[in-house]
Amino acid sequence: MSDNEGRKNLRMPEGDEVFAVVTNMLGANRVKVRCMDGTERTARIPGRMQKRIWIREDDVVLVEPWDWQDEKADVVWRYEKQEADQLRQEGHITG
């Protein structure tokens, strides 16, 4: 058996995207996230994800910070629990 058995190819950050952990639900389709670049941001859940993908506290997400306001971002992807565990094991995210 190899170490890569059961490993999935996961969506990784592209361009300005960064990993983040949801710390607080704010309502109105917004969440507070702690990004892996050390910044706390308010992230918006876009309409294409609403009611299709449920995001909860402690979920690992991929966010894209806004160009004109660095303290805000858009959620672009949510990882399942097993995928988040794999990212932690590989050292991509902490906490």
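My aim in this report is to walk through the structure given alongside it, one point at a time. (Residues numbered from 1 in each chain as written. Predicted model: local features only at pLDDT ≥ 70, side-chain atom pairs only at ≥ 80, totals over all residues. Heavy atoms only, no water.)

Concerning the environment of Asp 59
Relative to the helices and strands, Asp 59 is located in the loop between β3 (40-44) and β4 (60-65). The class for Asp 59 is buried, based on a relative accessible area of 12%. As for Asp 59 and Asp 16, which are separated by 43 residues in sequence, their C-alpha atoms are 20 Å apart. Sequence-distant contacts of Asp 59, defined by excluding residues within four places in its chain, comprise Ala 20, Val 21, Val 22, Trp 54 and Arg 78. Engagement of the side chain of Asp 59 in a polar contact is seen with the backbone nitrogen of Arg 56, the distance being 2.9 Å. (Helix = DSSP H or I, 4+ residues; strand = E, 2+ residues; numbered from the N terminus. Buried < 20%, exposed > 50% of the residue type's maximum accessible area, 1.4 Å probe, protein only. Contact = heavy atoms within 4.5 Å. Polar contact = N/O pair within 3.5 Å; in protein donor to acceptor, adjacent residues only side chain to side chain.)

Some words on unusual backbone geometry
In this structure, Asn 29 is a non-glycine residue whose phi angle is positive, near 60°. As for its position among the elements, Asn 29 is in the loop between β1 (18-27) and β2 (30-35). With a phi angle near 75°, Asp 58 is a residue other than glycine that sits in the positive phi range. Structurally, Asp 58 can be placed in the loop between β3 and β4. The exposed category is assigned to Asp 58, whose relative accessible area is 57%.

Points about the pattern of salt bridges
Scanning the entire structure with this criterion turns up seven salt bridges. Arg 78 is paired through a salt bridge with Glu 80; the nearest N and O atoms lie 3.5 Å apart. Judged by relative accessible area, Glu 80 falls into the partly exposed class, the value being 39%. Lys 81 is the partner of Asp 85 in a salt bridge, and the nearest nitrogen-oxygen pair spans 3.2 Å. Taken together, the residues Asp 85 and Lys 81, both in helix α1 (residues 81-89) and four residues apart, mark about one turn of the helix. Classification of Asp 85 by relative accessible area gives partly exposed; the value is 29%. (Salt bridge = Lys/Arg side-chain N within 4 Å of Asp/Glu carboxyl O.)

None of the figures reported here should be taken as evidence of function without further support.
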